[in-house]
Amino acid sequence: MTEASDENRSQVLRIGDVAPDFSARTTMGDITLSQYRGKWLVFFSHPADFTPVCTTEFIGLAKAADKFAALNCMLLGLSVDSLYAHLAWMRAIRDAFGVSITIPVIEDPGMVVGRAFGMIDESSQDSATIRSTYFIDPEGVIRAITTYPHNVGRSVDEMLRMVAALQRADGDDVLTPEGWHPGDDVLLPPAVQLENISGNAGIDADWFCKRSADT
């Protein structure tokens, strides 16, 4: 049974908020969100079991599980369908595509967790709008949120890149540029005082967007 407080149900979650704790049944046993503290977590929702786009996402995530683990990152899925539907779907994926899904998938038939996280609008009668992803750091803080329509699949590569970029930006006083991947150049924070800008175009014309080799 999924549990969440009434206060959390009406909360609009934003980047920087602490993810609300909850307990739930999953395909891998009972969990609480707080048990993932100390690790990064990619918490993602999908509209329904046995849907084609969601099936490809789970296959892609399962194949990339080791890459997420190397980033000290766990995966956790959610759907409004029942635990028994989840289990049947996981078995169907294994039988049809030869991929075993070991990612825990939460049952949320009352849409309690989905609404607590803003994955579905309070007035919705079904889960058709749900395809959200929350990137949660080891302290339980939401660091990034993505939302896709039900008919467009997410990119597993981008999910991996997001986790790696968040970790890299946390490591030093640097920024990650467009399309950054581990090992690429990073950006240095721009100068905030005029005396730190020489005005010499040959020296620091790029003071507001200066790249630096990643070390």
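Before any of the text, the structure's been laid out above.
Reference entry: report on the structure contained in this document. What you are looking at is a predicted structure, and each value in this text was computed from that prediction instead of being measured.

Definitions and limits used
Residues numbered from 1 in each chain as written. Predicted model: local features only at pLDDT ≥ 70, side-chain atom pairs only at ≥ 80, totals over all residues. Heavy atoms only, no water. Pairing = 2+ DSSP bridges. Helix = DSSP H or I, 4+ residues; strand = E, 2+ residues; numbered from the N terminus. Axes fitted to C-alpha atoms, helices over the stretch in contact; angles between N-to-C directions. Parallel < 35°, antiparallel > 145°, perpendicular 65-115°, else oblique. Contact = heavy atoms within 4.5 Å. Nonpolar A, V, L, I, M, F, W, Y, C, P; charged D, E, K, R; others polar. Buried < 20%, exposed > 50% of the residue type's maximum accessible area, 1.4 Å probe, protein only. Polar contact = N/O pair within 3.5 Å; in protein donor to acceptor, adjacent residues only side chain to side chain. Salt bridge = Lys/Arg side-chain N within 4 Å of Asp/Glu carboxyl O.

1. Here we look at the pairing of strand β2 (residues 29-32)
Taken together, the 4 bridges between strand β1 (residues 23-26) and β2 define a ladder with antiparallel strand orientation. Bridge pairing in β2 links Thr26 to Gly29. In this antiparallel pair of consecutive strands, β1 and β2, the connection spans 2 residues.

2. Side note on the packing of helix α2 (residues 52-63) against helix α4 (residues 83-97)
Here α2 crosses α4 at 75 degrees, and the two axes come no closer than 11 Å. On the basis of the axis angle, α2 is roughly perpendicular to α4. Touching Cys54, Thr55, Phe58 and Ile59 of α2 are Trp89, Ile93 and Phe97, all from α4. Among the residues making up the contact of α2 with α4, the classes are represented as 6 nonpolar, 1 polar and no charged.

3. Details of the pairing of strand β6 (residues 132-136)
For β6, the buried fraction is high: 5 of the 5 residues fall into the buried class. As judged from the 4 bridges shared by strand β3 (residues 40-45) and β6, these two strands associate in the antiparallel manner. Looking at the pairing, Phe43 lines up with Tyr134 of β6. Here 5 bridges tie β6 to strand β7 (residues 142-147), and the two strands are oriented antiparallel to one another. From the neighbouring strand, Phe135 faces β7, where its bridge partner is Ala144. Taking the residues between adjacent antiparallel strands as the criterion, β6 and β7 are bridged by 5 residues, where Gly140 takes a positive phi near 85 degrees.

4. Details of the side chain of Glu107
Residue position: Glu107 is located in strand β5 (residues 105-107). Separated by 2.7 Å, the side chains of Glu107 and Arg25 make a polar contact. Within polar-contact distance, the side chain of Glu107 engages the backbone nitrogen of Leu83 at 2.8 Å.

5. What to know about the pattern of salt bridges
Summed over the entire model, instances satisfying the criterion amount to 10 salt bridges. A salt bridge links Glu57 to Arg131; the nearest nitrogen and oxygen atoms lie 2.9 Å apart. Residue Glu57 is found in helix α2, and its partner Arg131 is found in the loop between α5 (112-116) and β6; the two are separated by 74 residues along the sequence. We note that Glu57, like Arg131, is buried. Two residues, Arg91 and Asp95, come together in a salt bridge whose shortest N-O distance is 3.9 Å. Here Arg91 and its partner Asp95 are both found in helix α4, 4 residues apart, which amounts to about one turn of the helix.

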